[in-house]
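Geometric and topological summary
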Amino acid sequence: MERIARIAMPAIGGFLVIGNAPARAQDYVDAAAKPYEVLGGIGVAIVFLAAGWLVFLRGWKARRLAAASKGWPSTIGAVESATIEKRTTNVEDRTLIYYMPQIKYSYAADGKTYRGQTIKIGFEKERHPSQKEASDYIARYAPGSGPTVRFDPNDPQTAVLELGQVGGGPKIFSGAIFILVGIASLVFVIWTISLPTD
């Protein structure tokens, strides 16, 4: 996403020029509005619109699935393993360490046995800053225990141990921002084409 943002800066910058100084915007268009730049602006707009729509749909799907899971049938499952995965991520030249609970469980639905790993919808985005905190969390899911498992009656392979979801809201917000940037870029390109160049 950072690469996309860097590519889009000229288009966004040009768009901001429109509202701040029309005369300077006219000079910019006269000097720089060339076919390949117009095509580049359209390309940037399409990338932002596509990426934004994809992220938005993922967030929307997570929220809808979480809402639907409240009405799913439940059964008693069996925890097969409960471990903690150490992960790292880089943020502003810093390496951050966090810990993710990893739980594998089995359950029966419609006369068949299934295996699942989803604790909560979107839980892969939930980060515990310390190993102790992650350990305290999975203590409730000790191997051999029998937690309640909710499964989708239309797709029994989809199941959760906990209701709710994580990350759906931020994805919807981020997707909407990208879509707005894509629309702004496209409007700027259309505005650029409509202006005289001499």
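Structure first, text after, so check above.
Report on the accompanying structure.

Rules behind the numbers
Residues numbered from 1 in each chain as written. Predicted model: local features only at pLDDT ≥ 70, side-chain atom pairs only at ≥ 80, totals over all residues. Heavy atoms only, no water. Patch = residues over 30% accessible without salt bridge, like charges linked within 9 Å, V, L, I, M, F, W, Y side chains within 5 Å. Areas by Shrake-Rupley, 256 points an atom, 1.4 Å probe, with all protein chains shown as cover. Salt bridge = Lys/Arg side-chain N within 4 Å of Asp/Glu carboxyl O. Helix = DSSP H or I, 4+ residues; strand = E, 2+ residues; numbered from the N terminus. Buried < 20%, exposed > 50% of the residue type's maximum accessible area, 1.4 Å probe, protein only. Core = buried A, V, L, I, M, F, W, Y, C linked by side-chain atoms within 4.5 Å. Pairing = 2+ DSSP bridges. Phe/Tyr/Trp six-rings, centres within 6.5 Å; stacked < 30°, edge-to-face > 60°. Lys NZ or Arg CZ within 6 Å of the ring centre and 35° of its normal.

1. A few points about a nonpolar patch on the surface
On the surface, a nonpolar cluster with roughly 480 Å² of combined accessible area is contributed by Phe-173, Ile-177, Leu-180, Ile-183 and Val-187. Note that Val-187 resides in helix H5 (residues 168-194). The partly exposed category is assigned to Val-187, whose relative accessible area is 43%.

2. Things to note about the nonpolar core
The biggest cluster of nonpolar side chains holds 14 residues, and the ones touching the most others in it are Ile-103, Tyr-105, Tyr-107, Tyr-141, Val-149, Ala-159 and Leu-161. Counting residues per element, this core draws most heavily on strand S3 (residues 94-109), at four residues. Grouped together as the second largest cluster of nonpolar side chains are five residues, Ala-62, Trp-72, Ile-121 and Val-160 included.

3. Some remarks on the pairing of strand S6 (residues 155-160)
Pairing geometry for strand S5 (residues 148-152) and S6, over three bridges, is antiparallel. If you follow Phe-151 over to S6, its bridge partner there is Ala-159. In sequence, S5 turns back onto S6 through a hairpin of two residues.

4. Describing the environment of Ile-42
Relative to the elements of secondary structure, Ile-42 occurs in helix H3 (residues 35-69). A relative accessible area of 27% places Ile-42 in the partly exposed class. The spatial distance from the C-alpha of Ile-42 to the C-alpha of Phe-188 is 9.4 Å, given a sequence separation of 146 residues.

5. Notes on the packing of aromatic side chains
For the structure on display, the rule yields five aromatic pairs. Centre to centre, the rings of Tyr-105 and Tyr-107 are 6.1 Å apart; their planes meet at 40°, and the pair counts as tilted. For the pair shown, Tyr-105 and Tyr-107 are each scored as buried. Between Tyr-107 and Phe-151 the ring centres are 6.3 Å apart and the planes differ by 20°, which places this aromatic pair in the stacked class. Of this pair, Tyr-107 sits in strand S3 while Phe-151 sits in strand S5, and the two are 44 residues apart along the sequence. Counting every residue linked through ring pairs, the aromatic cluster contains Tyr-105, Tyr-107, Tyr-114 and Phe-151. Here Arg-140 stacks its cationic end above the ring of Tyr-137, 4.2 Å away from the centre of that ring.

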